[in-house]
Amino acid sequence: MRRPAFGEANMGALAGAVIGAIGGLFAIGIGPAIAGKNVRLLVGTPILAIFSLIICGTLGWLIGGQLGPRLGGKFNTQRAETIGGIIGGLVPVVLVALWGWYMTAH
C-alpha cells in the first residue's frame, strides 16, 4: 500500500478537490433551500459559499490525496484511487451541509 506525502498531487487529490470545491459552493445553501422550498436560497449566502468552496476544496485535496492512493493500492486500479478521492471530497461537503442544515433548524 502506497503512503503518499501530505498534500501530494495525485489523482485522488484532484478528484477530492474538484468534488469538494463544487460541492462546497452549494453545501451551505442546501439546508435553507430545502427547508424554505425555494431554490434561490441555494445561493443566498454568496460570501459563505465562497469560503465553503475554499475550505471544502482544500480539505477535499488533502483527504482525497490520502484516501485515494490507499484504495488504489489496495484494489490495484486507478479507478479505485479516483473513487477514494471522490469520497474524500464528499467528507467536508457533507459536514458543511449538515452544519448549514443545523443552522437553519435552530
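Below is a summary of the structure that appears in this document. Computed from a prediction, not measured in an experiment: that's the story for all the values here. (Residues numbered from 1 in each chain as written. Predicted model: local features only at pLDDT ≥ 70, side-chain atom pairs only at ≥ 80, totals over all residues. Heavy atoms only, no water.)

## Considerations on the overall build of the protein
Counting its regular elements, the protein contains three helices and zero strands. Of the regular secondary structure in the protein, the N- to C-terminal order runs α-α-α. Over its C-alpha atoms, taken along the principal directions, the protein stretches across nearly 45 × 20 × 20 Å. Looking at the protein as shown, the accessible area adds up to about 6,400 Å², and 74% of this sits on carbon and sulfur atoms. (Helix = DSSP H or I, 4+ residues; strand = E, 2+ residues; numbered from the N terminus. Areas by Shrake-Rupley, 256 points an atom, 1.4 Å probe, with all protein chains shown as cover.)

## Some points on the nonpolar core
Listed in full, the six residues of the largest apolar core are Ala27, Ile28, Cys56, Val93, Val96 and Ala97. Only helix H1 (11–36) and helix H3 (78–105) provide two or more residues apiece to this core. Here this core gets three residues from one element, more than from any other, and that element is H3. When residues no more than four places from it in sequence are discounted, the contact partners of Ile28 are Thr45, Leu48, Ser52, Val96, Trp99 and Gly100. (Core = buried A, V, L, I, M, F, W, Y, C linked by side-chain atoms within 4.5 Å. Buried < 20%, exposed > 50% of the residue type's maximum accessible area, 1.4 Å probe, protein only. Contact = heavy atoms within 4.5 Å.)

## Structural notes on the packing of H1 against H3
Interaxial distance between H1 and H3 falls to 7 Å at its minimum, and their mutual angle equals 25°. By the angle between their directions, the pair H1 and H3 is classed as roughly parallel. Seen along the crossing, H1 lies across H3 with a hand that is right-handed. Here the residues of the contact of H1 with H3 sort into 16 nonpolar, 12 polar and one charged. (Axes fitted to C-alpha atoms, helices over the stretch in contact; angles between N-to-C directions. Parallel < 35°, antiparallel > 145°, perpendicular 65-115°, else oblique. Left-handed = near helix turned anticlockwise from the far one by under 90°. Nonpolar A, V, L, I, M, F, W, Y, C, P; charged D, E, K, R; others polar.)

## What about the packing of helix H2 (residues 46–75) against H3?
Axes are the key here: two packed helices are described by the angle between their axes and the distance separating the axes. One can describe the packing of H2 onto H3 by two numbers: an axis separation of 6 Å at closest approach and a directional angle of 145°. Viewed along their axes, H2 and H3 form a crossing whose handedness is right-handed. Between H2, through Ser52, Cys56, Leu59, Gly60, Ile63, Gly64, Leu67, Gly68, Pro69, Leu71, Gly72 and Phe75, and H3, the contact on the second element is made entirely by Ala80, Glu81, Gly84, Gly85, Ile87, Gly88, Gly89, Val91, Pro92, Val93 and Val96. Of the residues assigned to the contact of H2 with H3, the class counts are 13 nonpolar, nine polar and one charged.

## Focus on the environment of Leu71
Tracing the backbone shows Leu71 in helix H2. Counting along the chain gives 31 residues from Leu71 to Arg40, while the straight-line C-alpha distance between them is 38 Å. Contact partners of Leu71, with chain neighbours within four places excluded, come to Asn76, Ala80 and Gly84.

## Quick word on H1
Here H1 contains 26 residues, and its C-alpha end-to-end distance of 38 Å stays within 8% of the 38 Å for a straight helix at 1.5 Å per residue. For H1, the principal kink sits at Gly29 and spans about 45°; a proline, Pro32, occurs within the next four residues. The N-cap residue of H1 is Asn10: its side-chain oxygen and the backbone nitrogen of Gly12 are 3.1 Å apart. A positive backbone phi angle near 50° is found at Lys37, which sits one or two residues after H1. (Expected span 1.5 Å × (residues − 1). Bend = angle between axes of the 7 residues up to and from the residue. Polar contact = N/O pair within 3.5 Å; in protein donor to acceptor, adjacent residues only side chain to side chain.)

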